[in-house]
Amino acid sequence: MYTVSDLRKGLTITIDNEPYTVISFEFTKPGKGQGIYRTRLRNMLNGSIIDRTYRSGESLEQAVLEQRTMQYLYHEGGNYYFMDSESYEQLGIHEDALGDAPHYLIDNVSVEVLFFRDHPIGVDVPNFVNLRVVESAPWAKGDTSSSDLKTVGLETGFQMRVPPFVNEGDLIQIDTRTGSYVTRIKG
Amino acid sequence: MGSNWRLASKKRALETRAAAINGIRKFFQGHGYLEVETPFRIPAPAPESHIDAIPADGWFLHTSPELCMKRMLAAGYPRIFQLCHCWRQGERGRRHISEFTMLEWYRAGADYNGLMDETEELVCSVAYHVTRRKTLLYEGNRVSLARPWQRINVAEAYGRHAGVSPEQALNAGTFDELMVRDIEPHLGFERPSFLYDYPAVRGSLARLRADDSSVAERFELYIAGLEVANGFSELVDPGEQRRRFEEEEAYRRSLGKHPYAVADKFLEELADMPPSAGIALGVDRLVMLLQDAETIDDVVAFTPEEL
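This one's a predicted model, so the numbers in the text were calculated from it and none came from an experiment.

### What to know about the packing of aromatic side chains
Line of reasoning, step 1. Going through the model one piece at a time under the given rule, you end up with 17 aromatic pairs over all chains.
Line of reasoning, step 2. Taking the centre distance of 5.7 Å and the plane angle of 80° together, the rings of tyrosine 104 of chain A and phenylalanine 158 of chain A count as edge-to-face. Here tyrosine 104 of chain A, found in the loop between β9 (90-94) and β10 (110-116), pairs with phenylalanine 158 of chain A, found in the loop between β13 (150-154) and β14 (159-162); they are 54 residues apart in sequence, far enough to count as distant.
Line of reasoning, step 3. You can call phenylalanine 158 of chain A buried: its relative accessible area is 14%.
Line of reasoning, step 4. Taken together, the ring pairs connect Phe27, Phe28, Tyr33, Phe81 and Trp105 of chain B into an aromatic cluster.
Line of reasoning, step 5. The positively charged end of lysine 134 of chain B is found above the aromatic ring belonging to tyrosine 128 of chain B, 5.8 Å away from the centroid.
Line of reasoning, step 6. Sitting over the face of the ring of tyrosine 260 of chain B, arginine 252 of chain B holds its NZ or CZ atom 3.6 Å from the ring centroid.

What follows is the structure, encoded as structure tokens:
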């Protein structure tokens, strides 16, 4: 059991015996009223998206999912292919079921593939991943507009906002739960 | 650039915050208000069903300076304002932070209509002081601050946007859900909106309307869907206030929350309080609007997570 205060992006819960993953959530509280969590959830079996509201203190049923460590191989025609590192068995998962995960998948990376009643329904990427910046406008040193983030392209094709001092070729750490920049990795 | 790029990136927002606070002080000084300070740690907060104070060495951090400021009104300070931090347990989200900055002001002799007028004046004055503009751009919406602003009563808003009456929503236990899901997203986009005349059970510390006791003279200000302020024609009847406190405290205790002591000194002195209006305005939210900031995190130097 979770309570609503455990809500985070990517959390998997069960509603009416079907697994859902949290795409987004927001804590809101109308003046003097009760705290309300507005959530957007994706059904992990059929990809449909629903909106649900929960009140402070309500509980959520945890989804019972099997996990297997697999290696990401490649993607083709909207499917992402993974291989079991021990049995060499391969399987494909449609991109609709993967949420933001493809932003962080580089060839040969190990991920946890999630199974519901033996069907692969998603992947769990690590909370933090390191990816290389492959596309960025150079930052003029001495630029005083340090408040502005800039958009760069990563080796996975994902575009994201980073501080202006990040350059092409830098390795950066990303928090996959929020999709935000954490720090530059030396070397 | 140092290693804390996140803090460095807040520089413009923090300049906007400082300018807004300057603008607020300038406004109240020009309107004959006295700036006051009251203790942050208090023995007996006002019991409210859905607002929880953080315990602090046997007492509590205040959730608003309301009770102390009303004691000042009762003692003969007719126009007072305060800028201070307040704490509310468990409130954290894009628009919430458990330690935040509140502006509260009280005016003897005014009612909620007069206070809505004054709130319009204040926000326009501060926005102009900070941005030199008469519009706000927030999340792609252009909100004109030209007065008068929209005033829509709660019954009309529920009927129009949720298709039910406030009473039906209260009976079904969906009043708050409908508010955040169906109503707030419509409020304050062309011009700021005042939502007013709340059902009596949601009256908090507001007096009931003389001509319709089913509603309380309470309002909330919304700008671009963001709730910015909550004001009342203040309840000055100590018997009625004590009864409401007892109800709220019983509800709180039924949920196993920290028991509060009774605010006896406040209740005694309330008998001396002149008819007044008072309002609490979230300064961080106002700065979000002035800075077009997506989250409250962007307008405070440090969030709890960054400490």
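### Quick word on the domain arrangement of chain A
Residues and elements named next belong to chain A.
Line of reasoning, step 1. Looking at the assigned domains, one finds that chain A contains domain 1 (2-62), domain 2 (65-124) and domain 3 (128-185).
Line of reasoning, step 2. Relative to domain 2, the C-alpha centre of domain 1 lies at a distance of 24 Å.
Line of reasoning, step 3. Listed by partner, the interface residues are seven residues for domain 1 and ten residues for domain 2.
Line of reasoning, step 4. When the buried surface of domain 1 facing domain 2 is broken down by residue, Pro19, Arg42 and Met44 rank first, second and third, together holding 57% of it.
Line of reasoning, step 5. Inspection of the region where domain 1 meets domain 2 yields one salt bridge.
Line of reasoning, step 6. Between aspartate 100 and lysine 9 there is a salt bridge whose closest N-O contact spans 3.0 Å.
Line of reasoning, step 7. In this structure, the connection of domain 1 to domain 2 is made through two residue pairs in polar contact (both at pLDDT 80 or more).

### Looking at the packing of helix α2 (residues 11-30) of chain B against helix α4 (residues 112-131) of chain B
Residues and elements named next belong to chain B.
Line of reasoning, step 1. Put simply, α2 and α4 touch, their axes get as near as 8 Å, and they point 135° apart. Classified by the interaxial angle, the pair formed by α2 and α4 is oblique. Considering the relative orientation of α2 and α4, their crossing is right-handed. Touching Thr16, Ala19, Ala20, Asn22, Gly23, Ile24, Lys26, Phe27 and Phe28 of α2 are Glu118, Glu121, Leu122, Ser125, Val126, His129 and Val130, all from α4.
Line of reasoning, step 2. Considering only residue class, the contact of α2 with α4 consists of eight nonpolar, five polar and three charged.

### Structural notes on the interface of chain B and chain A
Line of reasoning, step 1. Taken residue by residue, the interface counts 30 residues in chain B and 22 residues in chain A.
Line of reasoning, step 2. Across the chain B to chain A interface the summed buried area is about 2400 Å²; carbon plus sulfur atoms make up 55%.
Line of reasoning, step 3. In this assembly, chain B and chain A are joined by four salt bridges.
Line of reasoning, step 4. Residue glutamate 91 of chain B pairs with lysine 29 of chain A through a salt bridge whose shortest N-O separation is 3.1 Å.
Line of reasoning, step 5. The tally of links from chain B across to chain A stands at ten residue pairs in polar contact (both at pLDDT 80 or more).
Line of reasoning, step 6. Where the side of chain B that touches chain A is concerned, the elements lending two or more residues are α1 (5-8), α2, α7 (175-183), β12 (212-223) and β13 (226-233) of chain B.
Line of reasoning, step 7. Element by element, the count of residues in the side of chain B that touches chain A is highest for α7 of chain B, at five residues.
Line of reasoning, step 8. Looking at the side of chain B that touches chain A residue by residue, the class counts come to seven nonpolar, eight polar and 15 charged.

Calculation rules
Along each chain, numbering runs from 1 in the same order as the chain's sequence is written. Ligands are numbered from 1 and chains lettered from A, in the order in which they are written. Given that the model is predicted, a residue must reach a pLDDT of at least 70 before its local features are reported, and side-chain atom pairs must reach 80 or more before they are shown or counted; all residues, however, enter totals for whole chains, interfaces and linings. Side-chain metrics rest on all non-hydrogen atoms present in the structure, leaving aside hydrogens and water. Pairs were defined over the aromatic rings of Phe, Tyr and Trp, the Trp ring being its six-membered one, requiring ring centres within 6.5 Å. Orientation was assigned from the angle between planes: stacked under 30 degrees, edge-to-face over 60, tilted for the rest. Helix and strand definitions follow DSSP, with helices as H or I runs of at least four residues and strands as E runs of at least two, each counted in order from the N terminus. Any residue under 20% of the maximum accessible area for its type is buried, any over 50% is exposed, and the rest in between are partly exposed; the area is computed with a 1.4 Å probe on protein chains only. Whether a charge lies above a ring is judged from NZ of Lys or CZ of Arg, which has to be within 6 Å of the ring centre and within 35 degrees of the ring normal. Domain start and stop positions are those given by an automatic or database domain assignment. In what follows, residue pairs with any heavy atoms lying within 4.5 Å of each other are defined as contacts. Two parts lose some accessible area (1.4 Å probe) when they are put together, and adding that loss for both gives the buried area. What makes a salt bridge here is a side-chain nitrogen of Lys or Arg within 4 Å of a carboxyl oxygen of Asp or Glu, nothing more. Counting of polar contacts relies on pairs of N or O atoms within 3.5 Å, with two restrictions inside protein: one atom must be capable of donating a hydrogen and the other of accepting it, and residues adjacent in sequence are counted only when both atoms are side-chain atoms. A fitted line through C-alpha atoms represents every axis, and for helices the fit uses only the stretch in contact; the resulting angles, taken between N-to-C directions, go from 0 to 180 degrees. Angular relationships are summarised with four words: roughly parallel below 35 degrees, roughly antiparallel beyond 145, roughly perpendicular across 65 to 115, and oblique for the angles in between. Crossing handedness follows the turn of the near helix against the far one: under a right angle anticlockwise gives a left-handed crossing, and clockwise gives a right-handed one. Under the convention adopted here, Pro, Cys and the residues Ala, Val, Leu, Ile, Met, Phe, Trp and Tyr are nonpolar, Asp, Glu, Lys and Arg are charged, and Gly plus all remaining residues are polar.

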